[in-house]
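Each chain, written out:
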Amino acid sequence: MEPTSFLEHIWIARWPLASGVGLTLIISFLAIVAGTILGIGVGMSLTYGARPLRWLVRGYTDFIRGTPVLVLVLASYYVLGTIGLQLGPFQAGVLALAVFCSSHVGEIVRGALQAIPRGQTEAAKAIGLTFAGTFIYVLAPQAIRQILPAWVNTAAEMVKASTLLSIIGIGELLLSTQEVIARTFMSLPFYFLAGALYFLINFGIESLGRLVERKMAVQS
Amino acid sequence: MSTNLVEIRNLHKSFGKVEVLKGVNCDLAQSDVVCVIGSSGSGKTTMLRCINMLEDFDAGTITIDGEAIGYDVRDGKRRRKPEKEIARQRALTGMAFQQFNLFPHLTAMENVTLGLIKVKKLGRDEATAIGERWLERVGLSSRRDNYPGQLSGGQQQRVAIARAIAMNPKLMLFDEVTSALDPELVNEVLMVIRDLARDGMTMLIVTHEMRFAHDVASRVIFMNEGRIGEEGNPREMFLQPKTQRLAAFLKSSSFN
């Protein structure tokens with residue numbers, strides 16, 4: 001009797017759960033994309049920026065990385081409003097995650113760029129490439145290979161961190177699961193289901209990452 | 001109008017408080033093969049790196065084919081040229097490095113053609129044809145699709161030389177190109193350089209291979225404490241050094 005009724009409950013709750021999954025995917029996607037774009041800027045500023053810019057960006061990353069994501073989420077929703085920047089819960093949530101993501105991606109990008117031997121830049125300059133050409137054709141392709149595994153990790157972290165948006169009332173997967181549980185009192189199976197769904201999402205991201213990594217691998 | 005391809009006048013360079021070049025003067029005529037010897041820290045490599053502006057220099061001038069490298073002097077003020085202009089001037093010279101510095105994510109052919117396509121703006125076919133010619137010249141046609149990680153040190157250095165020379169530079173700079181190689185791989189690289197010398201390529205070669213310098217150089221420069229200590233034709237210099245410094249250096253190096 002029990003399993004049938006659990007499956008029945010899933011069936012009844014299929015739309016709220018699906019919309020929870022959908023929202024989790026959308027939030028994670030937006031946060032990862034925005035955070036990555038911002039993070040590349042952060043990483044390049046840390047590597048090539050003039051000293052004042054570097055200090056400023058260093059302060060930003062250290063501050064963000066030292067702050068719990070939950071605090072960022074709450075601050076972005078409640079505190080920004082007090083300085084006249086009232087965001088809706090969705091925007092505030094995505095902003096907080098994107099900022100968090102950017103500080104991590106920034107460090108990954110900086111690390112990867114700095115790990116490339118200086119001789120690479122010198123050889124590129126020696127054949128007459130400008131800084132832009134050196135970056136595009138020589139440094140970036142090497143950095144990307146270095147960045148990819150850590151970046152996939154960060155992306156998976158973002159999916160997990162998106163659960164924190166439930167606290168400001170975003171109906172992502174965790175909150176919609178909790179709402180179903182409140183109705184059915186079946187906490188264990190539904191939390192298990194939510195866990196399995198998160199696992200599937202991250203498994204998908206990691207498989208994709210491994211595939212790209214394999215495709216880009218340089219023979220040696 | 002002078003007949004020299006390269007003219008270095010009163011070149012000065014410091015790293016912080018350490019003055020590495022203390023006024024170097026040096027000329028290269030077309031097809032000169034000049035080997036630069038001297039103990040480490042004497043400024044050989046720094047001089048080479050100033051010529052293609054991998055290092056900024058503090059005073060003096062470098063002229064290649066009548067063109068002032070790196071700096072403009074206007075109203076008595078010395079200004080670094082714009083980055084784009086410096087990039088263009090760097091392509092006047094080709095450089096081979098001690099550590100090869102091949103691009104690890106590109107094949108041998110792609111390493112050679114990158115500059116041709118992105119700097120010289122040649123079409124892919126034309127660039128590949130030039131790449132094939134030079135890879136054949138250094139004996140590596142069969143390795144064109146291999147990545148640097150699949151090549152031996154000597155092979156990598158030969159690809160690196162092909163990459164530099166494919167750009168058709170007016171002057172080739174070699175910075176201790178055999179120092180990082182296993183002894184049995186040194187010769188294949190030196191052969192390539194000898195071959196280029198026979199072709200009339202103008203070259204400035206920093207080397208520790210005294211025998212090679214003796215055989216291939218039209219002139220040898222002995223750098224000592226940031227200045228040119230002695231220069232002349234290799235036979236005279238190696239057999240009858242005029243300064244005690246050079247005599248001591250030759251004694252301590254493997255040449256005898």
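Throughout this document, residue positions are counted from 1 along each chain, in the order its sequence is written. Here chains are named by letter from A upward and ligands by number from 1 upward, in the order in which they appear as written. Where local features are concerned, this predicted model is filtered to residues with pLDDT of at least 70; where side-chain atom pairs are given and counted, the filter is 80 or more; whole-chain, interface and lining totals use all residues. To get the side-chain values, take all heavy atoms of the structure and skip hydrogens and water.

Draft legend 1. How the structure looks around the overall build of chain B. Strands here mean DSSP runs of E at least two residues long; helices mean DSSP runs of H or I at least four residues long; both are numbered from the N terminus. The helix and strand inventory of chain B stands at nine helices and 12 strands. The buried label goes to any residue with under 20% of its type's maximum accessible area, the exposed label to any with over 50%, and the partly exposed label to all in between, with areas taken from a 1.4 Å probe on protein chains only. By the burial criterion, 55% of the 256 residues in chain B qualify as buried. Restricting to contacts in chain B with at least 6 residues of sequence separation, those with at least 24 account for 62%. Computing the positive centroid from 35 side-chain charges and the negative centroid from 32, chain B places the two 4 Å apart. Contacts are assigned to residue pairs with any non-hydrogen atoms lying within 4.5 Å of each other. In summary, the charge assignment counts Lys and Arg as positive and Asp and Glu as negative, without counting His or the chain termini. Lys charges are placed at NZ, Arg charges at CZ, Asp charges at CG and Glu charges at CD.

Draft legend 2. Here's a closer look at the pattern of salt bridges. Should a side-chain nitrogen of Lys or Arg be within 4 Å of a carboxyl oxygen of Asp or Glu, the pair is scored as a salt bridge. Going through the model one piece at a time under the given rule, you end up with 25 salt bridges over all chains. Across the salt bridge formed by B:Asp65 and B:Lys170, the nearest N and O atoms sit 3.0 Å from each other. Taken together, the residues span a long stretch of sequence, with B:Asp65 in the loop between strand 4 (59-64) and strand 5 (67-68) and B:Lys170 in the loop between helix 5 (153-165) and strand 9 (171-175) at a distance of 105 residues. Residue B:Lys170 is classed as partly exposed on the basis of its relative accessible area of 33%. One network of salt bridges, in which partners are shared, links A:Arg58, A:Asp62, A:Glu107 and A:Arg110.

Draft legend 3. Summary view of the sheet that holds strand 1 (residues 4-15) of chain B. All names here are of chain B. Pairing is antiparallel across the open sheet formed by four strands, whose spatial order is 2-1-4-5. The sheet terminates laterally at strand 2 (18-29) and strand 5, the two strands that pair on one side only. Strand pairing is defined by DSSP finding a minimum of two bridges between the two strands. Where strand 1 meets strand 4, five bridges bridge the pair, whose relative direction is antiparallel. When the sheet's bridge partners are listed, isoleucine 8 is paired in strand 4 with isoleucine 62. Axis lines are fitted to C-alpha atoms, over the contacting stretch for helices. Their N-to-C directions set the angle, which ranges from 0 to 180 degrees. Contacts from helix 1 (residues 44-51) reach strand 1, strand 2 and strand 4, with the element oriented near 120° to strand 1.

Draft legend 4. A look at helix 5 of chain B. Expected span of a helix: the number of residues minus one, times 1.5 Å. The terminal C-alpha atoms of helix 5 of chain B lie 18 Å apart, and with 13 residues this matches the ideal 18 Å at 1.5 Å per residue to within 8%. Extensive coverage of helix 5 of chain B is indicated by the burial of 13 of its 13 residues.

Draft legend 5. Structural detail: the side chain of B:His105. Residue placement: B:His105 occurs in the loop between strand 8 (93-96) and helix 3 (108-118). Here a polar contact is taken to be a pair of N or O atoms separated by no more than 3.5 Å, where protein atoms must pair a possible hydrogen donor with a possible acceptor and residues adjacent in sequence count only if both atoms sit in side chains. At 2.9 Å, the side chain of B:His105 and the backbone oxygen of A:Tyr137 are in polar contact.

Draft legend 6. A look at unusual backbone geometry. Residue and element names in this part refer to chain B. One non-glycine residue with positive phi stands out, namely aspartate 75, at about 50°. Here the phi dihedral of phenylalanine 100 falls at roughly 65°; this positive angle occurs in a residue that is not glycine. Of note, phenylalanine 100 is situated in the loop between strand 8 and helix 3.

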